[in-house]
Each structure stands twice: as structure tokens, then as C-alpha cells.
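Chain by chain, the residues run as shown.
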Amino acid sequence: MTFHREQFTQELSELVRIPSISQRVEHKEDCYAVAEKMQHFLKKLGAETRIVATKGNPVLLGELASASRERIVIYNHLDVQPAEEPQWKTSPFEPVVKDGIMFGRGTTDDKGPALTILHAIREMQSQNIPMPSIQFVYETEEEIGSPNFGGFLDETLGNGSLKPPHSVLVSDSEFEGEYPTLNYKLRGMARLFLTLETASQEAHSGVVGGVAKNPLEILSRVLVSMKDEMGNITIPHYLDDVAPLTPIEKEMTQKVAAHMDVEKFKRETGVNELFTENSEEMLTRIWHRPTMEMHGFEGAQHLPKVMKSSIPNKVTAKISLRLVPNQTPEKAIERIRAYVQTLHPGIVVEGDGQPPSVMEINNPYMQLGKEACREGYGKDALFVGAGGSIGAVAQFQRVWKGTPMVLISQSLLSDGYHAPNENFRLAQAEKGMATMQRYLEKVGKKS
């Protein structure tokens with residue numbers, strides 16, 4: 001296998017320079033631009049392509065036919081998180097390579113991993129190595145929960161431009177430590193906005209302070225009441241539907257925990273204070289338990305060293321929920337709505353989300369993925385859960401019930417998913433390319 005490092009670096013740089021931030025409407029044209037750039041790369045492989053408009057941002061659809069009876073879908077996303085953190089040491093959309101590492105927003109999430117698969121295909125073509133027929137699906141709304149992806153699937157399946165595959169390959173996840181991983185479990189996610197309006201306008205705290213109710217204070221007390229000091233959710237009946245761990249899940253968690261370096265985890269995430277430093281308990285919390293996190297307020301002052309001594313009239317709290325099997329976004333949101341309205345009936349709760357996903361470990365495609373990881377990375381893969389969410393996976397499972405989903409990780413925890421100074425190691429890209437080539441070759445021979 002030959003890894004064309006200079007070409008890979010150039011192509012990834014072209015992708016990273018496009019600020020395809022799906023959270024910002026002013027970057028919608030960039031989401032089209034990044035789809036067009038990837039479309040150009042697909043066409044060089046000989047794929048037939050088209051960009052499909054949705055109610056939001058586009059999806060790039062491509063097809064590369066082969067003589068194999070196997071047909072797979074390869075999914076990646078091309079949108080990225082905002083990059084406004086002050087800790088950036090380089091300009092996030094001007095990629096820089098230093099000591100074999102490319103820095104820039106989207107390098108590891110998810111443009112780098114997407115590109116390694118194309119390089120694997122290019123290498124297979126150059127050597128006339130058989131591969132399955134491939135349908136490419138590149139989304140540009142993953143970072144906002146894939147709100148229009150289900151509609152895209154319904155439309156393209158309905159008109160025949162997307163065909164049901166034998167399996168789906170996803171490379172949008174990370175692993176900790178030295179062992180490659182196959183993800184078998186993703187938490188779902190809901191995004192909630194809690195709004196309280198107590199006055200028609202801001203008011204001078206010297207005039208109404210001590211009499212007027214402060215919506216920021218009320219919402220803060222509500223949020224604090226939802227969890228205990230150990231971070232456990234305390235909302236009545238919220239955890240009623242959570243499924244207990246199976247013996248196999250517990251065994252796999254213990255196996256990964258035995259390899260986990262907690263101090264390394266703390267260094268690489270930048271987190272200094274944890275609820276627990278027991279590796280098994282940490283993984284159980286991250287993979288198997290629901291969470292609720294507070295992220296900020298609209299209507300609250302935020303400028304450093306500046307204070308306006310007024311009481312806000314309207315404040316919105318932003319929170320996220322990570323959901324586990326048996327939970328649904330709809331029921332989770334409704335239970336929060338019922339709870340907060342017992343504390344203050346004027347609080348308005350709005351939100352949406354996607355359900356969690358579980359993949360069958362013993363399906364033959366997952367086993368081929370395990371073999372490919374061993375050959376590409378030189379070590380046996382571990383089966384892991386993931387604390388994050390991929391909305392498209394839940395939609396694939398909705399329309400293709402029972403179709404095997406294979407999630408092969410290429411990124412490292414230290415790569416900085418959603419963090420400042422996000423990066424992707426070129427050595428890791430080379431291993432990822434080798435792994436993807438091995439996997440596609442094995443699937444191509446399967447029939």
C-alpha cells in the first residue's frame with residue numbers, strides 16, 4: 001500500500017479551508033462549497049455524483065459501481081463545529097502541518113477520516129483490487145443533529161437514487177489509547193431551550209431590585225435542581241426507561257477499562273476535575289448512562305470585566321441530553337417540561353433530538369471490520385460505546401432495519417474533537433487508509 005502523503009495533505013487542506021459551519025446560516029454557501037469540493041474528488045475516482053438540496057444544508061450523493069454483488073453505503077459528514085475558542089494557536093481554517101500533524105477545524109471531525117477512505121479506494125483502483133459497489137453519502141448537518149437527513153433518505157429511497165445496501169460503513173468516531181476500536185453503541189441527543197420571560201423590558205436593579213423576579217436566577221435554580229452533586233439526574237421518572245447493562249456490555253466495558261490511562265485521558269481532554277477516576281465507572285458513565293449538561297444562556301451578560309446593573313427580562317437556558325437505549329428524545333423532553341413547570345409554569349421548553357443506536361456486534365461485517373483493524377493498525381480492535389451521537393446512524397436504522405452498521409474509528413481522543421487546536425496525525429491517516437482498504441477488499445470478496 002502506498003500512502004500519497006503530499007496529495008492527502010493538499011486535498012485535506014482544501015477541505016479544511018472551507019468553513020462549513022452548519023450551525024451558522026451565513027455559512028450555508030460554505031456547506032455547498034465543501035460538498036462541491038468532495039464531489040470533485042469523487043469524480044476523479046470515476047463516481048457518478050449529485051448534490052441533493054434539503055430544507056437545510058445539502059447532501060452529496062455518489063455511486064461507484066463494481067462487479068461485486070455486495071453494495072455498501074459509506075457515510076461521512078463534511079460540516080464542522082464553530083471555531084471561536086481563544087485557545088487556538090493557529091487560524092482554524094488555515095491548516096498548518098507541524099511534526100506530521102495537521103491542525104485545523106474539521107481535520108479529524110470528519111474531513112480527514114472521510115478522505116482516507118477515498119485514498120484507500122484510489123489505491124485499490126491502481127492495483128485492480130476488487131471492491132464492493134459503493135454509494136457515498138456526505139452530510140453537511142451532522143453537527144446540528146441531522147435534522148433533515150431523514151427526509152433526504154425518504155426522498156432518495158423513494159426515487160431510486162439511493163438503493164438499500166448490504167451494510168453501512170461509518171468513520172466518525174474516536175478511540176482512546178493504543179488500540180483501534182469498533183463502535184457498537186451511540187448515545188442519542190436532544191437539544192433543549194428553556195425560556196422564561198418575567199418583564200416587558202430590562203429594568204434598573206437599583207429601582208426594582210429586591211422586588212422584581214430575575215429570570216436568570218430562576219432558571220439557574222431550576223437547572224441546579226435537576227442534578228445532584230455527583231452529576232446524577234434527579235428529575236422524577238427520568239431514568240425509569242434506562243435499560244440495565246447486559247453481561248456482554250459489562251464485560252466489554254471492563255476490557256476497555258483495563259487498557260484506559262485515566263491521567264492520559266485528563267491531559268488529552270484538558271479536564272481537571274472528574275466525578276470519578278475509576279476507569280470502569282468513567283466508561284460506564286460516558287457510554288451507558290444518560291447525561292444532562294448546561295451550556296449557556298441567551299439574554300445574559302457575557303462581556304468580560306463589563307457589568308450592566310440591570311435585571312434581564314427574558315433569558316433562555318441551553319442544555320443538552322445524551323440518551324441511552326430505551327429512551328426517546330420526545331419522552332425525555334416531555335419529562336423535563338413537566339418537571340420545570342412544577343417549579344415555574346411560565347418556563348417554555350422547546351427542543352428536538354435523535355434516539356440512541358446499538359449495532360449488532362456478531363454480524364459478519366463487524367467481524368470483517370475487526371480483521372481489517374488488526375491488519376491496518378497491527379493490534380486487535382476493542383468494541384466500545386461512544387458518549388457522542390451520530391444522528392444519521394439512527395436514521396439509517398429507521399429506514400434499513402436490520403442492515404449491519406460498521407463504525408471504524410480513525411481518530412484519537414487527543415485529536416481535539418469539537419475543541420481548540422483540532423488536529424489529525426498523518427501517520428494515523430496512513431493507518432486509517434490501510435484499514436479501510438483491507439475492509440473494502442474483504443467486503444468485495446464476501447459475495
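Residues numbered from 1 in each chain as written. Predicted model: local features only at pLDDT ≥ 70, side-chain atom pairs only at ≥ 80, totals over all residues. Heavy atoms only, no water.

Draft legend 1. The arrangement of the layout of surface pockets in detail. By volume, the second largest pocket amounts to about 360 Å³. Every residue lining the second largest pocket is counted, 17 residues in all, and those nearest its centre are Ile 248, Glu 249, Met 252, Ile 361 and Phe 383. Looking at the lining of the second largest pocket, the elements that each hand over two or more residues are α7 (247-257) and β17 (382-386). Residue contributions to the lining of the second largest pocket peak at 6 residues, all from α7. Of the residues assigned to the lining of the second largest pocket, the class counts are 10 nonpolar, 2 polar and 5 charged. (1 Å grid on protein atoms, 1.4 Å probe; cavity = no way out; pocket = protein on both sides within 12 Å on 5 of 7 lines; lining within 4 Å. Points joined across faces, edges and corners; volume = space filled by probe spheres on them. Helix = DSSP H or I, 4+ residues; strand = E, 2+ residues; numbered from the N terminus. Nonpolar A, V, L, I, M, F, W, Y, C, P; charged D, E, K, R; others polar.)

Draft legend 2. A look at the side chain of Thr 253. Position of Thr 253 among the secondary structure elements: in helix α7. Since its relative accessible area comes to 1%, Thr 253 is described here as buried. In contact with Thr 253, not counting residues within four places along its chain, are Glu 280, Leu 283, Thr 284, Trp 287 and His 288. (Buried < 20%, exposed > 50% of the residue type's maximum accessible area, 1.4 Å probe, protein only. Contact = heavy atoms within 4.5 Å.)

Draft legend 3. Just the nonpolar core, in detail. Judged by nonpolar contacts, the single largest core of 78 residues is most densely connected at Phe 136, Phe 396 and Tyr 439. Not counting chain neighbours up to four residues away, the residues in contact with Tyr 439 comprise Ser 167, Leu 169, Tyr 365, Leu 368, Gly 369, Ala 372, Val 406 and Ile 408. Counting residues in hydrophobic clusters, the runner-up holds 25 residues, among them Val 222, Ile 235, Met 292 and Ile 333. (Core = buried A, V, L, I, M, F, W, Y, C linked by side-chain atoms within 4.5 Å.)

Draft legend 4. Fine view of the sheet that holds strand β5 (residues 101-103). What the 3 strands build is an open sheet, ordered β4-β5-β20; its pairing is antiparallel. Only two strands of the sheet have a single partner each, and these edge strands are β4 (96-98) and β20 (423-425). On average, each strand axis in the sheet is inclined to that of its neighbour by 25°, with strand direction left out of account. As paired elements, β5 and β20 share 3 bridges and run antiparallel to each other. Counterpart to Met 102 in the pairing with β20 is Phe 424. Docked against the sheet, helix α3 (residues 107-126) engages β5 and β20, running at close to 35° with respect to β20. Its contacts with the sheet place helix α13 (residues 426-446) against β4 and β20, and it is angled at close to 65° to β20. (Pairing = 2+ DSSP bridges. Axes fitted to C-alpha atoms, helices over the stretch in contact; angles between N-to-C directions.)

Draft legend 5. Fine view of the environment of Tyr 439. The topology assignment puts Tyr 439 in helix α13. Tyr 439 gets classed as buried once you look at its relative accessible area, which sits at 0%. Sequence-wise, Tyr 439 and Glu 178 are 261 residues apart; in three dimensions their C-alpha atoms are separated by 20 Å.

Draft legend 6. The arrangement of the environment of Pro 130 in detail. Within the element layout of this structure, Pro 130 appears in the loop between α3 and β6 (133-139). In this structure, Pro 130 is in contact with Met 124, Leu 440 and Glu 441, ignoring residues within four places of it in sequence.

Draft legend 7. Just the sheet that holds strand β10 (residues 188-197), in detail. Strand order across the open sheet formed by 4 strands is β12-β14-β10-β15, with antiparallel pairing between neighbours. Edge positions in the open sheet fall to β12 (291-298) and β15 (348-354), since each of these has one partner strand only. Here the average twist between neighbouring strands, direction ignored, is 20°. Two elements, β10 and β15, share 7 bridges in a ladder whose sense is antiparallel. When the sheet's bridge partners are listed, Leu 194 is paired in β15 with Val 349.

Draft legend 8. Quick look at the packing of helix α2 (residues 28-44) against α3. In the contact formed by α2 and α3, the axes pass within 10 Å of each other and the chain directions differ by 15°. When the axis of α2 is compared with that of α3, the two are roughly parallel. Our pair here, α2 against α3, has a crossing hand that is right-handed. Within the contact between the two elements, α2 uses Val 34, Met 38, Phe 41, Leu 42 and Lys 44 and α3 uses Lys 111, Ala 114, Leu 115, Leu 118 and Arg 122. Its residues assigned to classes, the contact of α2 with α3 shows 7 nonpolar, no polar and 3 charged. (Parallel < 35°, antiparallel > 145°, perpendicular 65-115°, else oblique. Left-handed = near helix turned anticlockwise from the far one by under 90°.)

Draft legend 9. Focus on the packing of aromatic side chains. On inspection of all chains with the given rule, the structure shows 7 aromatic pairs. For the ring pair Phe 136 and Tyr 138, a centre distance of 6.2 Å and an interplane angle of 10° mean the geometry is stacked. Of the two residues, Phe 136 and Tyr 138, both sit in the buried class. Seen in terms of ring centroids, Phe 149 and Phe 396 are 5.3 Å apart; in terms of plane orientation they differ by 90°. Their pairing is edge-to-face. You can see Phe 149 sitting in helix α4 (residues 149-159) and its partner Phe 396 sitting in helix α12 (residues 391-399), a full 247 residues away along the chain. Residue classification places Phe 149 among the buried residues on the basis of a relative accessible area of 1%. (Phe/Tyr/Trp six-rings, centres within 6.5 Å; stacked < 30°, edge-to-face > 60°.)

Draft legend 10. Structural detail: the pattern of salt bridges. Under the criterion given, the structure shown has 29 salt bridges. For Arg 5, the salt bridge goes to Glu 430, with nearest N and O atoms at 3.8 Å. Residue Arg 5 is found in helix α1 (residues 5-16), and its partner Glu 430 is found in helix α13; the two are separated by 425 residues along the sequence. Accessibility expressed as a relative area gives 35% for Arg 5, which makes it partly exposed. On the basis of relative accessible area, Glu 430 is assigned to the partly exposed category, the value being 31%. One salt bridge in this structure joins Glu 263 and Lys 266, with 3.8 Å as the shortest N-O distance. Here Glu 263 and its partner Lys 266 are both found in helix α8 (residues 262-269), 3 residues apart, which amounts to about one turn of the helix. For Glu 263, a relative accessible area of 42% translates into the label partly exposed. Salt bridges sharing common partners tie together Glu 371, Glu 375, Arg 438 and Lys 442. (Salt bridge = Lys/Arg side-chain N within 4 Å of Asp/Glu carboxyl O.)

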